[in-house]
Amino acid sequence: VQFVESGGGLVQPGGSLRLSCAASASGFTFSNYAMSWYRQAPGKGRDLIARISGGGGSTDYADSVKGRFTISRDNAKTTVYLQMNSLKPEDTAAYYCNTGWSTPNRNYWGQGTQVTVSS
């Protein structure tokens, strides 16, 4: 499975971005898998920030992004999204997606997409 993250960029504090993560693989039934977004700030570990069940009916967020970020998915397009509003400088990080509700598959990490929040 290959995941391609996109949609990052430079944004001012208070701004918004929408990240996408497109999955491509033969024999991979996207809707069978929960999906998660992670982020890694410079010099720090990779943190789970949002997750969504395979059917999209259940979501969960880290306290640091709750109320500001929204995870969603389109199983027909094998894509998961992360809508990020009210961005803060501390949201600056590389953002990645992966399968799973709590345990990512180490073979599925993509290149990530960089988000920089700065004035």
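Structural data are supplied above this passage.
Residues numbered from 1 in each chain as written. Predicted model: local features only at pLDDT ≥ 70, side-chain atom pairs only at ≥ 80, totals over all residues. Heavy atoms only, no water.

*Asks:* Would you explain the sheet that holds strand E3 (residues 17-24) in this entry?
*Replies:* Across the sheet, four strands lie side by side as E1-E3-E8-E7; this open sheet has antiparallel pairing. One side of each edge strand has no neighbouring strand; the edge strands of this open sheet are strand E1 (2-6) and strand E7 (69-74). Here the average twist between neighbouring strands, direction ignored, is 15 degrees. Taken together, the five bridges between E1 and E3 define a ladder with antiparallel strand orientation. Across the sheet, Glu 5 pairs through a bridge with Cys 21, a residue of E3. (Pairing = 2+ DSSP bridges. Helix = DSSP H or I, 4+ residues; strand = E, 2+ residues; numbered from the N terminus. Axes fitted to C-alpha atoms, helices over the stretch in contact; angles between N-to-C directions.)

*Asks:* Can you walk me through the nonpolar core in this structure?
*Replies:* A general trend in soluble globular proteins is that nonpolar side chains are found buried together. Ranked by internal contacts, the top residues of the largest apolar core, which has 27 residues, are Trp 37, Val 80, Leu 82, Met 84 and Tyr 95. Those elements that place two or more of their residues in this core are E3, strand E4 (35-40), strand E5 (46-52), E7, strand E8 (79-84), strand E9 (93-99) and strand E10 (113-117). Setting aside its immediate chain neighbours within four residues, Met 84 contacts Gly 15, Ser 16, Leu 17, Leu 19, Arg 68, Phe 69, Tyr 95 and Val 115. (Core = buried A, V, L, I, M, F, W, Y, C linked by side-chain atoms within 4.5 Å. Buried < 20%, exposed > 50% of the residue type's maximum accessible area, 1.4 Å probe, protein only. Contact = heavy atoms within 4.5 Å.)

*Asks:* Mind showing me how you'd approach the pattern of salt bridges here?
*Replies:* Side chains that differ in charge, positive against negative, can pair when their charged atoms come close. Under the definition given, this model contains four salt bridges. Arg 39 is the partner of Asp 91 in a salt bridge, and the nearest nitrogen-oxygen pair spans 2.8 Å. With Asp 91 in the loop between E8 and E9 and Arg 39 in strand E4, the pair connects residues that are 52 residues apart, well separated along the chain. With a relative accessible area of 0%, Asp 91 lands in the buried category. Residue class for Arg 39 comes out buried when judged on its relative accessible area of 11%. Linking Asp 91 and Arg 68 is a salt bridge whose minimum nitrogen-to-oxygen distance equals 2.7 Å. Of this pair, Asp 91 sits in the loop between E8 and E9 while Arg 68 sits in the loop between strand E6 (59-61) and E7, and the two are 23 residues apart along the sequence. The exposure classification of Asp 91 matches that of Arg 68, with both residues buried. (Salt bridge = Lys/Arg side-chain N within 4 Å of Asp/Glu carboxyl O.)

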